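Residue-level structure breakdown
Chain by chain, the residues:
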Amino acid sequence: GQVFITEALLTRLQTEGQLAGVLGHEIGHVLGRHSAERMAKAELSQGLVTGVAVGASGETGGRGAGMLASTVANYLGLKYSRDHELEADALGLRIMFAAGYDPRSLIGVMEILEAASGGAAARNRPDFAATHPNPGRRIERIEAEIAALFPTGVPSDLRR
């Protein structure tokens, strides 16, 4: 698949390792088949919403039931999107390391994203209505993943 990076993010990256982190993350989405999974879940959700709307159409409030089912389906879709982001982060760390880059560089990318989304105050915002997990919380997950991958420490000869 194709991998894209926005100019806005690219101009904020400070190291080659950070670029490797972004590309590794995006390749993680491709390897995880997240687009195909998202499309399949969207089709299933749409089918369920249609079923609820048709099933409730003869009853009072049938339209409301369809709208409620649609809202629930949308929020569930956001959760899957957030889960995909975390999985892509974990895969991206492995890809970075395999390419000779220090996986801790991905933390710098999250710090850039956190600053762009409102800084430390953004850590307290709930994730339930977001497509991406909060960057601050992603940093915590990335640090835990790195600690699990490298229990004796990250090799010192990797590019940052």
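Summarised in this report is the structure supplied together with it. (Residues numbered from 1 in each chain as written. Predicted model: local features only at pLDDT ≥ 70, side-chain atom pairs only at ≥ 80, totals over all residues. Heavy atoms only, no water.)

Within the protein chain, the regular secondary structure consists of 6 helices and 0 strands. The N-to-C order of helical and strand elements in the protein chain reads α-α-α-α-α-α. Split into buried and exposed, the 160 residues of the protein chain put 35% on the buried side. Element-wise, carbon and sulfur atoms account for 59% of the exposed surface of the protein chain, whose accessible area totals about 9600 Å². (Helix = DSSP H or I, 4+ residues; strand = E, 2+ residues; numbered from the N terminus. Buried < 20%, exposed > 50% of the residue type's maximum accessible area, 1.4 Å probe, protein only. Areas by Shrake-Rupley, 256 points an atom, 1.4 Å probe, with all protein chains shown as cover.)

One way to put it is that helix H2 (residues 16–31) packs onto helix H5 (residues 105–116) with a least axis distance of 8 Å and a crossing angle of 80 degrees. One element, H2, and the other, H5, form an angle in the roughly perpendicular class. For the pair formed by H2 and H5, the contact residues are Gly17, Gln18, Gly21 and Val22 on the first element and Ser105, Leu106, Gly108, Val109 and Ile112 on the second. Considered class by class, the residues forming the contact of H2 with H5 number 4 nonpolar, 5 polar and no charged. (Axes fitted to C-alpha atoms, helices over the stretch in contact; angles between N-to-C directions. Parallel < 35°, antiparallel > 145°, perpendicular 65-115°, else oblique. Contact = heavy atoms within 4.5 Å. Nonpolar A, V, L, I, M, F, W, Y, C, P; charged D, E, K, R; others polar.)

We now examine the nonpolar core. Grouped together as the largest cluster of nonpolar side chains are 18 residues, with contacts concentrated most on Leu13, Leu106, Val109, Met110, Ile142 and Ile146. Those elements that provide at least two residues to this core are H2, helix H4 (62–98), H5 and helix H6 (135–149). Counting residues per element, this core draws most heavily on H5, which supplies 5 residues. Filtering out sequence-adjacent residues up to four positions away, leucine 13 remains in contact with Ile5, Gln18, Leu19, Val22, Val109 and Ile112. (Core = buried A, V, L, I, M, F, W, Y, C linked by side-chain atoms within 4.5 Å.)

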